[in-house]
Amino acid sequence: MPELKWWQKALFYQIYPRSFADGNGDGIGDFKGMLEKLDYLAALGIDAIWLSPHFPSPNWDWGYDISDYTAVAPEYGSLRDFEAFLYEAHARSMHVILDLVLNHTSDEHAWFLESRSSRDNPKADWYVWVDTPPNNWQSCFDGEAWTYAPERGQHYYHYFMKQQPDLNWRNPQVKEAMWSAARFWLELGVDGFRLDAIGTIYEDPQLTPHTVPLDLAELRRAADLAKTPQEKEKVAGYWVDMFKHQLNQPGLHDLMKELRSVLDEYDGDRMLVGEDDNPDFMGNGHDELNLVFNFPLMRSEGPLTPAWIRSNQAARLAILANISPQAWPCNTLGNHDCSRAYTRYADGIHDAERARLSLALMLTLKGTPFLYYGEEIGMQDYLIEDPSLLRDTMATWYYERMLNELKVAAAEAARSAALMTRDKNRTPMQWANQPNAGFSPARVVPWLPVNPNYAQGVSVAEQHQDPTSLLSFYQRLIQVRRSTPALIAGDYQALHEHSNEYLAFLRSTPGQTVLVILNFSQKPQVLDFSQLPFETAHLLFSSAGRGQKEEGLQHIHLGGFEVYIAELR
Ligand code: GLC
């Protein structure tokens, strides 16, 4: 296999600590629980873990509002528990990356408390302060982007909730403080960071107002009501216009270079992956971020189709090739901010088949795959229709606005909040067909409701025992990926580009060529690959029971929704 870095070969698994495993039985996930599940992850074939924030936080944004960057949230355990987790992950050859939130802190962080306390304290300039709101900028979570602080008689800027004040990254002391927090974890041995919301770090210095004739609540409502493609396009355009002066401003690349050089002080190929899809963040291939996510792939209207995937790959791989021959793709279909892949790609009839195809796609496309916890058992969105159970403040804020300002009927507002909230895709991991899905003891109420479909087979324990389950399918496919160099390192070449029923492509290294066919249709196919310069296909994996392990390339028969992988010789 060509020399690749660990993060190019790894299959990543995102853990949302609050919802993964509740080791002490208080309804909230924790390090004790995560540690106990490391063997599960190792057996599944996971190589690296991305941990969503585990730092102390007042939880206005469930950990993405950090009040201390160099400690562990008490509800998750102690620093010692973290160290034990890291040690045990490394002992199982798994890497661990943390979530680094650069743009903002919690309003309870000591830096902000000091900054807010007066206009002339040592940290007075660590956040973005103004006398009066200079423009109509919105926060993408709770409306007005400027909030008044009576302590200093001034307003501060926040792109997210008002409890998440933006740091002033033009102040060198802010950088030094944050880099030293990063070093704290690098010294403990973490393998890198996922960088939160990097596009939001700088704002337009001219403070140019936006020109959208709506406020945030009205825009969200317009998005809810948009039905035709024209209406949807208009809303999407408004969304871009509303925030364009608050996003992607000059300075970001220099900042990412600085952070890169902080990581390069340490041995062992520490890595950075940005929560962004702009490949420019990869710099010249080694002076900024190692990876950015291929978010465009997951943003299809409705289920994934071969044509969508093909055009995404063509565009994406071409951009990366322009950056540097080493620029590496990174694919994902889900995370804690979006509807679960299973639900998004469902058509109501072949949901399970489509879930298999999307998992298989992640493991066979070129690039580092990121899996979101629970995808391996087909966890689905769980709509929380009772607004009093919502925990995502972005949704509770919108719900209140719908009721009180937009005068939306209560039932309709509840429905709309249930659909837009991120709670639906953050419900507790379903470990077993037991009360609370085995996440917490039966007597406890978990922090978010558990999806009751754990009783219909969506659980680790039941799928573990069933060789036909999604989990077993996925586990087998991971093993095939691990033992097939071309599936990890190989180039991608699309085949049969006319078809919108199946996706066929080659992955090839100098020593190995593998044919992957994903049949996205229920229709069986008979496919001819005899124009390729190979004689036979040696089966490596199939989701169907195939008798024949070796066949010619002229008539490859494929079942409906089959996942087929063969080495060509
Ligand atoms: C990122 C996180 C999201 C969070 C936001 C503010 O987009 O993924 O969960 O709410 O940043 O930190």
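Residues numbered from 1 in each chain as written. Predicted model: local features only at pLDDT ≥ 70, side-chain atom pairs only at ≥ 80, totals over all residues. Heavy atoms only, no water.

A.B. asks: Even after reading the chapter, I still don't get the sheet that holds strand 8 (residues 154-157), so can you show me in this structure?
C.D. replies: In a beta sheet, neighbouring strands are held together by backbone hydrogen bonds and run either parallel or antiparallel to one another. Strand order in the open sheet formed by three strands is 4-8-7, with antiparallel pairing between adjacent strands. Lying at the two open borders of the sheet, with one neighbouring strand each, are strand 4 (129-130) and strand 7 (146-149). Of the strand pairs in this sheet, strand 7 and strand 8 are connected by four bridges, and their pairing is antiparallel. Paired with Tyr148 across the strands is His155, a residue of strand 8. (Pairing = 2+ DSSP bridges. Helix = DSSP H or I, 4+ residues; strand = E, 2+ residues; numbered from the N terminus.)

A.B. asks: Could you clarify how one ought to interpret the site of the ligand in this entry?
C.D. replies: Neighbouring residues of the ligand: 14 residues in total, closest Asp61, Asp196, Glu275, His336 and Asp337. The contact in question runs from an oxygen atom of the ligand to an N or O atom on the side chain of Arg194, over 3.0 Å. Asp196 places a polar side-chain atom, nitrogen or oxygen, 2.9 Å from an oxygen atom of the ligand. Here the ligand loses 96% of its free accessible area of 310 Å² to cover by the protein chains. (Near = heavy atom within 4 Å. Polar contact = N/O pair within 3.5 Å; in protein donor to acceptor, adjacent residues only side chain to side chain. Areas by Shrake-Rupley, 256 points an atom, 1.4 Å probe, with all protein chains shown as cover.)

A.B. asks: Would you take a moment to explain the pattern of salt bridges for this structure?
C.D. replies: Side chains that differ in charge, positive against negative, can pair when their charged atoms come close. Under the criterion given, the structure shown has 33 salt bridges. Where Arg194 meets Asp99, a salt bridge forms, and the shortest distance between an N and an O atom there is 2.8 Å. Residue Arg194 is found in strand 9 (residues 192-196), and its partner Asp99 is found in strand 3 (residues 95-101); the two are separated by 95 residues along the sequence. Asp392 is paired through a salt bridge with Arg422; the nearest N and O atoms lie 3.1 Å apart. In this pair, Asp392 sits in the loop between strand 13 (368-372) and helix 15 (393-404) while Arg422 sits in the loop between helix 16 (410-420) and helix 17 (460-464), placing the two residues 30 residues apart along the sequence. Arg422 matches Asp392 in its accessibility class, with the two residues each being buried. (Salt bridge = Lys/Arg side-chain N within 4 Å of Asp/Glu carboxyl O. Buried < 20%, exposed > 50% of the residue type's maximum accessible area, 1.4 Å probe, protein only.)

A.B. asks: Can you walk me through the sheet that holds strand 19 (residues 550-552) in this structure?
C.D. replies: If you trace the six strands from one edge of the open sheet to the other, you get 14-15-16-21-18-19, paired in antiparallel fashion. Of all strands in the sheet, those with a lone pairing partner are strand 14 (491-495) and strand 19, marking the two edges. Between one strand axis and the next, the sheet turns through 30° on average, direction left out of account. The pairing of strand 14 with strand 15 (residues 502-509) spans five bridges and is classified as antiparallel. Across the sheet, the residue bridging to Leu495 is Ala504, located in strand 15. The strands touched by helix 14 (residues 351-364) are strand 15, strand 16 (512-519) and strand 21 (563-568); relative to strand 16, the strand with the most contacts, the crossing angle is about 160°. Together, strand 18 (536-542) and strand 21 form the strand contacts of helix 18 (residues 470-482), whose direction differs from that of strand 18 by roughly 135°. (Axes fitted to C-alpha atoms, helices over the stretch in contact; angles between N-to-C directions. Contact = heavy atoms within 4.5 Å.)

A.B. asks: Teacher, can you tell me more about the packing of aromatic side chains here?
C.D. replies: For any pair of aromatic rings, the description consists of the separation of the ring centres together with the inter-plane angle of the planes. For the structure on display, the rule yields 35 aromatic pairs. When the centroid spacing of 5.9 Å and the interplanar angle of 35° are considered together, the rings of Trp6 and Phe12 count as tilted. Comparing Trp6 with Phe12, the two get one shared label, buried. Considering the side-chain rings of Phe12 and Phe370, the 4.3 Å spacing of their centres and the 10° angle between planes classify their relative orientation as stacked. Of this pair, Phe12 sits in strand 1 (residues 12-15) while Phe370 sits in strand 13, placing them 358 residues apart in sequence. No difference in accessibility class separates Phe12 from Phe370, as the two residues are buried. Site record: aromatic cluster; members linked through ring pairs are Phe31, Phe55, Tyr69, Phe82, Phe85, Trp111, Trp126, Phe184 and Trp185. Taking the ring centre of Trp126 as reference, the NZ or CZ of Lys123 above it sits at 4.9 Å. Arg356 extends its terminal NZ or CZ atom over the ring of Phe473, reaching a point 5.2 Å from the ring centre. (Phe/Tyr/Trp six-rings, centres within 6.5 Å; stacked < 30°, edge-to-face > 60°. Lys NZ or Arg CZ within 6 Å of the ring centre and 35° of its normal.)

A.B. asks: Whenever I open this one, the nonpolar core confuses me. Can you help?
C.D. replies: In summary, soluble globular proteins display a tendency toward joint burial of nonpolar side chains. In terms of nonpolar packing, the biggest core is built from 173 residues, with Tyr13, Phe20, Leu102, Trp169, Phe193, Leu195 and Met429 touching the most fellow members. Discounting chain neighbours no more than four positions away, the residues touching Leu102 are Leu167, Trp169, Met178, Trp179, Leu195, Ile198, Ile201, Met256 and Leu259. Membership of the second largest hydrophobic core comes to 17 residues, among which are Leu495, Leu506, Leu539 and Leu558. (Core = buried A, V, L, I, M, F, W, Y, C linked by side-chain atoms within 4.5 Å.)

A.B. asks: In this structure, what is going on with the environment of Leu470? I would like to understand it.
C.D. replies: Topologically, Leu470 is positioned in helix 18. For Leu470, a relative accessible area of 9% gives the class buried. C-alpha of Leu470 to C-alpha of Phe293: the two residues are 177 residues apart in sequence and 25 Å apart in space. Look past the residues within four positions of Leu470 in its chain and what remains in contact with it is Ala355, Arg356, Leu359, Glu375, Glu376, Ile377, Gly378 and Gln463.

A.B. asks: I would appreciate a short explanation of helix 15 in the present structure.
C.D. replies: Residues spaced three or four apart along an α-helix point in a common direction, a consequence of the helix completing one turn every 3.6 residues. With twelve residues, helix 15 should reach 16 Å at 1.5 Å per residue; the first-to-last C-alpha distance of 16 Å fits that figure. Listed in full, the buried residues belonging to helix 15 are Thr393, Met394, Ala395, Trp397, Tyr398, Tyr399 and Met402. In this structure, the buried side of helix 15 is in contact with strand 6 (143-144), helix 8 (216-225) and helix 16. (Expected span 1.5 Å × (residues − 1).)

A.B. asks: I tried to follow the state of the cysteines on my own but got confused; where do I start?
C.D. replies: Overall, the coordinates contain zero disulfides when judged by the stated rule. The thiol sulfur of Cys330 is not disulfide-bonded, and the nearest other cysteine sulfur, from Cys338, lies at 13 Å. Taking the relative accessible area as the measure of exposure, Cys330 reaches 1% and is therefore buried. Since its relative accessible area comes to 16%, Cys338 is described here as buried. (Disulfide = S-S within 2.5 Å.)

A.B. asks: How do you make sense of unusual backbone geometry when you look at a structure like this?
C.D. replies: Most peptide bonds take the trans configuration, and most residues that are not glycine carry a negative phi. One non-glycine residue, Asn248, lies in the positive phi region at around 50°. Relative to the helices and strands, Asn248 resides in the loop between helix 9 (229-243) and helix 10 (252-263). Under the relative-accessibility criterion, Asn248 is labelled exposed at 52%. The backbone of Ala437 sits at a positive phi, close to 55°, despite the residue not being glycine. In this structure, Ala437 sits in the loop between helix 16 and helix 17.

A.B. asks: Any chance you could explain helix 12 (residues 306-323) here in plain terms?
C.D. replies: The first and last C-alpha atoms of helix 12 sit 26 Å apart over 18 residues, in line with the 26 Å expected at 1.5 Å per residue. Of the residues making up helix 12, those classed as buried are Pro306, Ile309, Arg310, Asn312, Gln313, Arg316, Leu317, Leu320 and Ile323. Taken around the axis of helix 12, the buried residues stretch over an arc of 160°, which confines them to a single face. Those residues of helix 12 that are buried are in contact with strand 11 (291-292), helix 11 (295-298), strand 12 (330-332), helix 14, strand 14 and strand 15. (Arc of directions from axis to C-beta.)

Just geometry here; none of it tells us what the structure is for.
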